[in-house]
Amino acid sequence: MKTRFRLSYNSPVILTYAAICLVFLIINGITGGWFNSVFLICYGHPNWFDPLTFLRLFSYAFGHSSVSHLTGNMIMMLLVGPVVEEKYGSSNLVFMIGVTVLIGGLLNSLFFETGIIGASGVVFMLIILSAFTNMKKGEIPLTLILVTAIYLGQEVYDGLFTNDNISHFGHIEGGISGLGFGIWYHKKVFEMKQR
């Protein structure tokens, strides 16, 4: 008897997110960069009377400036995202992505001059959340401490001492969001188990 294999849409939020990012990159390429500049780049100190400003507070996380920018983010997202989605659930993940993206967009709009684009903040949130996946009551995983220290430490260092046109703030905000969501989620789960 032959074993049949079929493709599984095993991580609907992560796979859909990646597909939207790819489609937007293709559209941006076809339009010669117009699509990103009009619909996706979340500009610092924007015109709050422009309705597109509010769209860009979310849409920036689906845009990428190049194929290498997209593949860098998607490789990490596709590696850690399915584990996180399985652990926390698709609807919780959509909520966490939405809040992380909105906070990043608002903070960039209010406090920075430059624009941001890309899924890096979401990727950093996923990386930190993935370190929580095997957490048990009364334990702090060493992997969580190391991942947080390495990723956030590197971003703080790069943000202070390099001039590379990368929004290190967006990465830091994503990592802090992941840390906050992980702590909140596990505290809630552990409290429910005590009842």
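The rules we used
- All residue numbers here refer to positions counted from 1 along the written sequence of the relevant chain.
- Side-chain atom pairs in this predicted model are given and counted only at pLDDT of 80 or more, local residue features only at pLDDT of at least 70, and totals for whole chains, interfaces and linings cover all residues.
- Hydrogens and water molecules were not included; the side-chain quantities draw on all heavy atoms of the structure.
- Only DSSP runs of H or I covering at least 4 residues are called helices, and only runs of E covering at least 2 are called strands; the numbering of each starts at the N terminus.
- This radius of gyration counts C-alpha atoms alone. The globule rule is 2.2 Å times how many residues there are, raised to the power 0.38.
- Think of it in three bands: residues with accessible area under 20% of the maximum for their type are buried, residues over 50% are exposed, and the middle band is partly exposed, with areas taken using a 1.4 Å probe on protein chains only.
- Only heavy atoms enter the contact rule, under which two residues are in contact if any of them lie within 4.5 Å.
- Here the accessible surface of atoms and residues is derived via Shrake-Rupley with a 1.4 Å probe, and residues count as covered only by protein chains that are part of the display.
- Charged residues are defined narrowly, with Lys and Arg counted positive, Asp and Glu counted negative, and His plus the chain ends left uncounted.
- Lys charges are placed at NZ, Arg charges at CZ, Asp charges at CG and Glu charges at CD.
- Among buried residues, those of type Ala, Val, Leu, Ile, Met, Phe, Trp, Tyr and Cys that are joined through side-chain atoms within 4.5 Å constitute a nonpolar core.
- Every case where a carboxyl oxygen of Asp or Glu lies within 4 Å of a side-chain nitrogen of Lys or Arg is listed as a salt bridge.
- Multiplying one less than the number of residues by 1.5 Å gives the expected span of a helix.
- Here, the arc refers to the directions that run from the helix axis to the C-beta atoms.

A. Inspection of the overall build of the protein at higher detail. From N to C terminus, the protein includes 8 helices and 0 strands. Reading the secondary structure of the protein in the N-to-C direction produces α-α-α-α-α-α-α-α. For 195 residues, the compact-globule formula gives about 16 Å, and the C-alpha radius of gyration of the protein, at 18 Å, lands near that figure. When the backbone C-alpha atoms are referred to their principal axes, the protein occupies close to 50 × 50 × 30 Å. The burial tally for the protein puts 39% of its 195 residues in the buried class. Considering only residue pairs separated by 6 or more positions, the protein has 75% of its internal contacts joining residues 24 or more positions apart. Surface accessibility of the protein: about 11,400 Å² in total, with carbon and sulfur atoms responsible for 68%. The protein carries 11 positive and 10 negative side-chain charges, and their two centres are separated by 19 Å.

B. Examining unusual backbone geometry more closely. For H45, which is not a glycine, the phi torsion comes out positive at approximately 50 degrees. Mapped onto the secondary structure, H45 falls in the loop between helix 2 (34-40) and helix 3 (51-59).

C. Seen up close, the nonpolar core. Residues Y17, M77, L93, M125 and L126 are the most contacted members of the largest nonpolar core, which totals 35 residues. Sorting the residues of this core by element identifies helix 1 (12-30), helix 4 (67-88), helix 5 (90-111), helix 6 (120-130) and helix 8 (168-194) as the ones contributing at least two each. Among the elements that line this core, the one with the most residues is helix 6, at 7 residues. For Y17, the residues in contact, after removing those within four places along its chain, are A61, F62, M74, M77, I97, A119 and V122.

D. Spotlight on the side chain of E173. Tracing the sequence through the fold places E173 in helix 8. It turns out E173 is buried and unbridged, and the closest side chain with the opposite charge, R56, is 18 Å from it. When residues no more than four places from it in sequence are discounted, the contact partners of E173 are T100, I103, G104 and L107.

E. How the structure looks around helix 1. If you check helix 1, its first and last C-alpha atoms are 27 Å apart, about what 19 residues at 1.5 Å a residue would give, namely 27 Å. Residues of helix 1 that are buried include every one of V13, I14, Y17, A18, C21, L25 and N28, and no others. Seen end-on, helix 1 carries its buried residues on one side only, within an arc spanning 130 degrees. Here the buried face of helix 1 lies against helix 2, helix 4, helix 5 and helix 6. In the stretch just after helix 1, G32 is the one whose phi turns positive, near 65 degrees.

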